[in-house]
Structure formats: structure tokens, C-alpha cells
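Topology and contacts: notes
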Amino acid sequence: MNFDLQGIGMTSRRTRLRLIERLRKNGIQNEAVLEAMTEVPRHIFVDEALAHRAYEDTALPIGHSQTISQPYIVARMTELLCSGWKPKRVLEVGAGSGYQTAILARLSTQVYTVERIAPLLEKAKLRFKALKLNNVSAKLSDGRWGWPEQGPFDAIMVTAAPEQTPSELLEQLADGGRLVIPVGGGNEQMLKVYKRQGAEIEESSLEQVRFVPLLGGVVR
Ligand code: SAH
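This write-up is about the structure you can find in this document. All residue numbers refer to position in the chain's written sequence, counted from 1. Only residues with pLDDT of at least 70 are given local features in this predicted model, and only at 80 or more are side-chain atom pairs given and counted; all residues enter the totals for whole chains, interfaces and linings. Water and hydrogen atoms play no part in the side-chain values, which are based on all heavy atoms of the structure.

**Concerning the site of the ligand**
Put simply, the test is: Nearness is judged by heavy atoms alone; a residue qualifies as near a molecule or strand once a single heavy atom is within 4 Å of it. In protein, a polar contact requires one atom able to donate a hydrogen and another able to accept it; more generally it is a pair of N or O atoms within 3.5 Å, and residues adjacent in sequence count only if both atoms are side-chain atoms. Starting at the N terminus, helices and strands are each numbered in turn, a helix being any DSSP run of H or I of at least four residues and a strand any DSSP run of E of at least two.
With respect to spatial proximity, 25 residues lie near the ligand, and among them Ser97, Glu115, Asp142, Gly143 and Leu215 are the closest. Between the ligand and Gly143, the relevant distance is 2.7 Å, taken from a nitrogen atom to a main-chain nitrogen or oxygen of the residue. Those elements that place two or more of their residues in the shell around the ligand are strand S2 (66–68) and strand S4 (110–115). Examining the composition of the shell around the ligand, we find that three residues originate from one element, S2, more than from any other.

Pasting the structure below:
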């Protein structure tokens, strides 16, 4: 696969900067997050036919009934994980296109990401390579179990919604670590943040969001 990293017209840096201004207006304040989103070309994370829409603030289909998350949501969740510190080890559940992974890779030391649909994971890996992201480890697996061999993690981000927060993910949270996750069974879910302090886990609910469901098993 050949990626047009530079982009022209609707995929150019200028178009991307307009999206960044919109995110700012909508309340995203973390400069490091905004910079990462300025640097990562979202248009290479969708099919060419949709590339001209990559800098609209909207979710887009990536095949297999999945979507690349809306830029505002990517920014918001990343801000929640990264505000006030730089997490070293990050786990993402649901690599999908790999866009959110690429943003996290710019803001942490090492990102571990899992995806249950093999063809999506393969494409995401090609994009990591094209962007020379050498601090990303990606594997095909059911992320409801986390990635226990690599834990504990300073930050865990789940980009698909379970009905309830998997206890395995809370267990893989390091002391001082944060988990950001959409929770709920219906069409809309609640975005939640969990913070671990020793044995204590503090939970807060932020806003209504819409995610695809967190499903079991892998698809080859
Ligand atoms: N972060 C992605 C969002 C993709 S949508 C992006 O920015 O493109 C959510 C993804 O989670 C889908 O690719 C879906 O296949 C994946 N997913 C759902 N349940 C999963 C599970 N149990 N383990 C791993 N990935 C899962």
C-alpha cells in the first residue's frame, strides 16, 4: 500500500488545521493533543474514496461494520488520559484504523494495541510502518482481557463499548493510572474515567458518546 502522507486539497495540512481550530472551539485545550492531531494525517487511515472527508469532525466507516472515531472524541479521550502527565505504557483496546493509536504513540513512550478483526489490524500495521511509529506493539486478540503479559499500564483507552467495565482492565491499571472507556449496552454510552490510587479506584462519568460494541472473540 502506498500512502500519500503529504496530502493535497481536502487532505492537505491546511484543511487539517481548520479541524484543529474547530476542536479548540469545541473545548479541547491540551496543546500536546492538538499538536499530535496536527501532525498525524488522518486521511491515510480511511479508504481513498473517503479521504476527502477525513478532516470533517465525524466518524467514518472503515469496513467490517466498524468506524474510525470522530476527531473530537479522539481528542477528548486522549486529553483525559494525558492531561497533567505523560503516561509511559499505554494500552489501547480496539485499534481499528490505527488513528487513535498513532495519536497515543506521539504522547507516550510505548503503546500496546489490540484488535479482534485481522484485516483491520493488518492495514493499521502498514500505516504505523508508513509513519515510522516504532513504539507501537499491535496484536490480534480479544481485548476484553487486556494484555496481561505487558501490564500494568499507566493508561488504558477502550475505543469500543462494553455493557460493563471489564475487571481485567481495572486490574491491569498501574498505581496512579487511568482508564478511559465508553460503558453501556444501548445506542449511546457513558464515557467513564477510572483512576487508581493504590487499592482504591475512583470512577467518574463525563458525557454521552456513541461507540461500536466491544465484542468477544477474534475474526481472521
Ligand atoms: N480506535 C479506532 C476505533 C475503531 S472502532 C480508530 O480510531 O479507528 C472500535 C474497534 O474496536 C473496532 O475495530 C473493533 O473491531 C474493535 N473491537 C471491538 N471489540 C474488541 C475486542 N474485544 N478486542 C479488541 N478489539 C475490539
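**So, unusual backbone geometry**
Excluding glycine, residues mostly have negative phi values, and the peptide bonds linking residues are mostly trans. Under the convention used in this document: Exposure categories follow from relative accessible area, calculated using a 1.4 Å probe and restricted to protein chains: below 20% of the type maximum is buried, above 50% is exposed, and the middle band is partly exposed.
Residues Gly151 and Pro152 are joined by a peptide bond in cis, for which omega reads -5°. In this structure, Pro152 sits in the loop between strand S5 (136–140) and strand S6 (153–158). Although it is not a glycine, Ser65 adopts a positive phi angle of roughly 60°. For Ser65, the location among the structural elements is in the loop between strand S1 (60–63) and S2. Overall, the relative accessible area of 70% leaves Ser65 in the exposed class. Phi is positive for Lys132, which is not a glycine, with a value near 55°. Assignment of secondary structure puts Lys132 in the loop between helix H5 (118–130) and S5. Assessed through its relative accessible area of 68%, Lys132 is described here as exposed.

**Some points on helix H3 (residues 71–82)**
Rules: By this rule the span expected of a helix is its residue count minus one, scaled by 1.5 Å.
Taking 1.5 Å as the rise per residue, H3 with 12 residues should run 16 Å; its terminal C-alpha atoms sit 16 Å apart, in good agreement. Taken across its 12 residues, H3 has 12 buried, putting it largely inside the fold. Those residues of H3 that sit buried are Pro71, Tyr72, Ile73, Val74, Ala75, Arg76, Met77, Thr78, Glu79, Leu80, Leu81 and Cys82. Of the residues one or two after H3, Gly84 is the one with positive phi, at around 85°.

**A closer look at the side chain of Thr78**
Here is the rule we go by: The criterion used for residue contact is that any of the two residues' heavy atoms lie within 4.5 Å.
Note on placement: Thr78 falls in helix H3. Once you skip the residues sitting within four places of it in the chain, Thr78 turns out to touch Val33, Gln100, Ile103, Leu104, Leu107 and Met157.

**Section: the pattern of salt bridges**
Stated formally: Between Lys or Arg on one side and Asp or Glu on the other, a salt bridge is scored when a side-chain nitrogen of the former is within 4 Å of a carboxyl oxygen of the latter.
Applying the stated rule across the entire model yields 10 salt bridges. Here Asp142 ties to Arg144 by a salt bridge, and the two come within 2.7 Å at their closest N and O atoms. The buried category is assigned to Asp142, whose relative accessible area is 11%. The class for Arg144 is partly exposed, based on a relative accessible area of 30%. A salt bridge links Glu188 to Arg210; the nearest nitrogen and oxygen atoms lie 3.5 Å apart. Here Arg210 lies in the segment after strand S9 (200–209) and Glu188 lies in the loop between strand S7 (173–183) and strand S8 (189–197), a separation of 22 residues in the sequence. Exposure remark for Glu188: the relative accessible area of 40% places this residue in the partly exposed category. Members of the salt-bridge network, linked through shared partners, are Glu21, Arg24 and Glu31.

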